Amino acid sequence: MHTFVYKTGYCHLVTESVLEMVENPQIGLGMRKTHIRHANNGDEGADPSARQASAVLRRARKFHEQGVAHAQQNRWKPALEAFRQAVRTLPGHPGFHYALGVAFCHLDRFAEAITAFNGEIAVNPGHGPAVAEIGTCLARTGRTRDGIPYLQEGLRLFPNMPLAQYSLGLALLTENRRAEALEALDKALTLDGAYADAYRTRGLAYALDGQYERSVADLQAAATLESSNFQAILELAATFGKAERDRQAGQLFEMAAKVAPDTALPQYIYGQFLINHRQYEKGLDYVDRALELDPLHAESYVGRGFGYLGQGRIEEAVAAFRRAGELRPDDAAVAGTLLFALQHKPEVGRAELLREHKKWAALYRQGIVTDRFAFAHAADPARLPRIGIVSADMHRHAVAYLTVRAFEQLAIRGFPIVAFHTGRVEFEDDMTERFKAASAAWHEVADRDDEAFLRLIAEEKIDILFDLAGHTAGNRLGVFARRAAPVQLGWAGYVGTVGLDSYDGLIADAVEIPPDHDASYVEPAIRLPDCYVCYQPPADPPAVAPLPCLTDGRFTFGCFNRPAKLNPRLAALWARILEQVPDSRLLLVYGGLGEASTKKAVSDVLAAGGVPLEWVDLVGHSEQAQVVAAYGQVDLALDPFPYSGGVTTLEALWMGVPTVTLVGDTFAGRHAASHLTAAGLPEFCATTPDDYLALAVDWSRRPQDLADLRRTLRDRLAASPLCDAPRFGRNLGHALTGLWRDWCAEARARHS
């Protein structure tokens, strides 16, 4: 946030980042390190000149620190004198002239400020903030045309300065360059979504440009921010969130939390925002603060649960979700948050999962439910049914990698497809374009309530509606609970039963749902002949690397799954494997591992299972290209349990790395087994922990066999049913037409 110091004309402010540079003069882009040697005062043998230089540096820093203390108290006259003394004492030290220039600005002594900033540039060439400040000083003294090039150059050197972007926008507006001014002000607000002056000035620019609605919206935003009304700020942030302006929304949520530090709601909302953006550590701090303020706030326990889940702290996550349910026993939305977390607990089996999902469904299934034969659709078994897709994940997401080729094949085969996108437009990418190309119609429905969404589905005359979300983000379970189409199917987006009896099937295969597991699912299993998904491999992947252990002499096991899939039982088995494979190591790769507290949480889980942490490497890659490239360091992948790897297993196979899996009891525990079986590698599927250990150790002792398999694995996967899109399209199309004919036959019988 910012400490605003309003002046006439151009508004000067000191941001925390600027104060940080004032406090620590060696921080900043282009700032070179001082060449003064730091002598140890206690070293009797130190060079006298070095001791003298060190004394001068200490004295200069003392003056500088005094200036900082005054600046933080908004006492700029004594700050100026202290900064001046620092410059006089050590004129060649980076940052000292800059701090002096800032003090001159606050006292409206702009000519002297320009001299100081030029002094900084002489010491520190390419110092973007100093260059930009010269432009601001020129503009504030009526020389906007002269100041604009300085502001532009400063921003080229150091782009992340909202003040400079604002000053540039105001200068351009003064010169009647409105289009450029709006561009600069847009950038200022992208960098700082809580910048009231930028909203006000942009509102003026819009008004001058005749864009009155936008002008009013910006002026309202400025008034809201200056009101310090956290409720109004939260509402503004939520509006930004809906408009896919995440950075600005986050800054506003943060501002609301700081405006009302003793109110639980803004603390929770900002914490939840951070957790949703995988900033688990910081997000949990805010959620914990919310719970300190209001220990009975159920939503904060939900937020805490998701934060713990992101860090792999499953027991704590489940406990948090259960506590939220205790506080809101009749709230189906709160109850639903527990269901996904339970899939990760080793002791939770199919019976408990079914019981918990039915308990949730009893809360959720309230109100009118449409009979599946009440639809006035033409019951013509000869026509191809009209297909609807409901998903938030029609972009580069695991769900898309498992389904996009199937829908493309259905479109090729003549099935009319309508896509209902429940996610955010900002996530659209090349995968989204493929879904759009396969669809006869595309609808953005994130902002439609259930009633409006049901009407839209009815208008599109959807015969078979796919749910690709289940109990995950972006779901529209309220629509499926009411029954929106004659046939409703779950597929790929969730791990097992949803719990609602309004579904007519769950797409699976004989490995994912063996016939003797049928009673554990509310939905009938629709088993496809080969596999239940069709894989889209990564675009432009690196070539398969040679088996690393043949060159570095050390065997590397890898697991690139989410931390939530790890647990002490799994770690204990991994510890036994590592003990039996001399000089082996374990490589874990996942985006969240770049965060210190997440890395610690994972380390704690591994240590609880007895894994020596010195044998483990934790890497925080998040981009798919980085992740798949990292398989070049892995000899053999180890699948987690009870929640096994899906796309993670397929990416490993594509990079030549087979996965040892323990075939689980639940849908979530059988992904890898399904994929490995379809790829022709059932020998990597273990049925007991001891078999899992034996497989991993055995393959580590057969490096040449592993190397031979590695060379052929990508081609084998490409030729398997997992990647045979036409074959999968025929299988899925046959299942859909069968379901449609069954519905038509029964509908005709009922109406005859």
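Treat the numbers as computed from the prediction; the structure is a model and nothing was measured. (Residues numbered from 1 in each chain as written. Predicted model: local features only at pLDDT ≥ 70, side-chain atom pairs only at ≥ 80, totals over all residues. Heavy atoms only, no water.)

### Regarding the nonpolar core
And step 1. Grouped together as the largest cluster of nonpolar side chains are 166 residues, with contacts concentrated most on Trp491 and Trp574.
And step 2. No other element matches helix 32 (residues 725-751), which puts 10 residues into this core.
And step 3. Once you skip the residues sitting within four places of it in the chain, Trp574 turns out to touch Cys559, Leu566, Leu586, Leu588, Leu606, Val611, Leu638 and Tyr692. (Core = buried A, V, L, I, M, F, W, Y, C linked by side-chain atoms within 4.5 Å. Buried < 20%, exposed > 50% of the residue type's maximum accessible area, 1.4 Å probe, protein only. Helix = DSSP H or I, 4+ residues; strand = E, 2+ residues; numbered from the N terminus. Contact = heavy atoms within 4.5 Å.)

### Details of the packing of helix 13 (residues 246-259) against helix 14 (residues 264-276)
And step 1. Direction vectors running N to C along helix 13 and helix 14 enclose 150°, while the axes themselves pass 8 Å from each other. The angle between helix 13 and helix 14 falls in the class roughly antiparallel. Regarding helix 13 and helix 14, the two cross each other, and that crossing is left-handed. Seen from helix 13, the contacting residues are Asp246, Gly250, Phe253, Glu254, Ala256 and Ala257; seen from helix 14, they are Pro266, Gln267, Ile269, Tyr270 and Phe273.
And step 2. By residue class, the composition of the contact of helix 13 with helix 14 is 7 nonpolar, 2 polar and 2 charged. (Axes fitted to C-alpha atoms, helices over the stretch in contact; angles between N-to-C directions. Parallel < 35°, antiparallel > 145°, perpendicular 65-115°, else oblique. Left-handed = near helix turned anticlockwise from the far one by under 90°. Nonpolar A, V, L, I, M, F, W, Y, C, P; charged D, E, K, R; others polar.)

### Description of the sheet that holds strand 15 (residues 685-686)
And step 1. Strand order in the open sheet formed by 6 strands is 12-11-10-13-14-15, and the pairing between neighbours is parallel. Because the sheet does not close on itself, it has two edges, and the strands there are strand 12 (616-619) and strand 15.
And step 2. Relative to strand 11 (residues 585-589), strand 10 (residues 556-559) is paired through 4 bridges, and the arrangement is parallel. Its bridge partner being in strand 11, Phe557 is matched across the sheet by Leu586.
And step 3. Running at roughly 130° to strand 14 (residues 659-662), helix 29 (residues 671-678) makes contact with strand 14 and strand 15 of the sheet. (Pairing = 2+ DSSP bridges.)

### Topic: the pairing of strand 7 (residues 487-490)
On a regular strand, one side chain projects to one face of the sheet and the next to the other, so that they alternate.
And step 1. Judged by which residues are buried, strand 7 turns out to be covered on both faces: Val487 and Leu489 on one side and Gln488 and Gly490 on the other are all buried.
And step 2. As judged from the 4 bridges shared by strand 6 (residues 464-467) and strand 7, these two strands associate in the parallel manner. Residue pairing in the sheet places Leu465 in a bridge with Gln488 of strand 7.
And step 3. Where the polypeptide runs from strand 6 across helix 23 (residues 477-482) and back to strand 7, its parallel neighbour, the crossover connection is right-handed. (Right-handed = clockwise from strand over helix to strand, strands pointing away.)

All quantities given are derived from atomic positions and should not be read as evidence of function.
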